[in-house]
Amino acid sequence: STMFTHYSLDTLLGHSLTAIGRAADLVWWIFDVDGAEYSLHTQCTFRVLHDGEAVLSRSDIYCIRDDKPLGRDNSWFDYDVAELAPLLPAKVVSIECSEMNDLTICTENGLRIEIWAAESPEHEQWRFFRHIPKSDDPHLVAYGNYLDCE
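Residues numbered from 1 in each chain as written. Predicted model: local features only at pLDDT ≥ 70, side-chain atom pairs only at ≥ 80, totals over all residues. Heavy atoms only, no water.

**Thoughts on helix 1 (residues 76-84)**
Working step 1: Every buried residue belonging to helix 1 is among Phe77, Asp78, Asp80, Val81 and Leu84, and all of these are buried. An end-on view of helix 1 places all buried positions within 165° of arc, on one side of the element.
Working step 2: Buried-residue contacts for helix 1 involve strand 1 (16-23), strand 2 (26-33), strand 4 (45-50), strand 5 (53-57) and strand 8 (111-116).
Working step 3: Residue Ser75 occupies the N-cap position of helix 1, its side-chain oxygen lying 3.1 Å from the main-chain nitrogen of Phe77. (Buried < 20%, exposed > 50% of the residue type's maximum accessible area, 1.4 Å probe, protein only. Helix = DSSP H or I, 4+ residues; strand = E, 2+ residues; numbered from the N terminus. Arc of directions from axis to C-beta. Contact = heavy atoms within 4.5 Å. Polar contact = N/O pair within 3.5 Å; in protein donor to acceptor, adjacent residues only side chain to side chain.)

If you want it as structure tokens, here you go:
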């Protein structure tokens, strides 16, 4: 439908993933689109592969390191994200959304982000929106079995 067009996920094609991070267990993926910043917030299971090897997953958030290599947090997620930093920015070459709102995002340099909307259907799985400059456009929000504009 037309209400999705101005922030369809296809907006990201040919543009770069510039940062990955988290606030507690909400993971954010930042994309630069011609100077504007778009955010994909995920609250569901995901995995990142690089050249076919798993390099980051949601479960890493809950895996605690005994040492604190970053001096602050001791979650494996934060450590793995720091390891991924040299691969960013990464240009998006394909993006697919299944009927169940699972996302697959592939980049030119061999990253493959697999996001599974597998939580309870009534819970928000992910949301996509323009972050900077701030926008009054509704967010594209995925639940287990439907997409909404909120």
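**Re the environment of Asp32**
Working step 1: As for its placement among the helices and strands, Asp32 is situated in strand 2.
Working step 2: For the pair Asp32 and Ala19, spaced 13 residues apart in sequence, the C-alpha to C-alpha distance is 9.4 Å.
Working step 3: Setting aside its immediate chain neighbours within four residues, Asp32 contacts His15, Ser16 and Thr18.
Working step 4: Only 3.4 Å separates the side chain of Asp32 from the backbone nitrogen of Asp34, close enough to count as a polar contact.
Working step 5: At a separation of 3.0 Å, a polar atom in the side chain of Asp32 contacts the main-chain amide nitrogen of Gly35.

**Quick word on the pairing of strand 9 (residues 126-132)**
Working step 1: Sheet topology places strand 3 (residues 36-42) next to strand 9; six bridges connect them, and they run antiparallel. When the sheet's bridge partners are listed, Glu37 is paired in strand 9 with Ile132. (Pairing = 2+ DSSP bridges.)

**Looking at unusual backbone geometry**
One can expect most non-glycine residues to show negative phi and most peptide bonds to be in trans.
Working step 1: In this chain, Leu88 is followed by Pro89 through a cis amide linkage whose omega measures 0°.
Working step 2: Checked against the element boundaries, Pro89 lands in the loop between helix 1 and strand 6 (90-97).
Working step 3: A cis geometry characterises the amide bond from Ile132 onward to Pro133, with omega recorded as -10°.
Working step 4: Within the secondary structure, Pro133 sits in the loop between strand 9 and strand 10 (140-142).
Working step 5: Positioned with a positive phi, Asp51 is a non-glycine residue whose angle comes to about 50°.
Working step 6: For Asn101, which is not glycine, the phi dihedral falls at a positive 70°.
Working step 7: Its place among the elements puts Asn101 in the loop between strand 6 and strand 7 (103-107).

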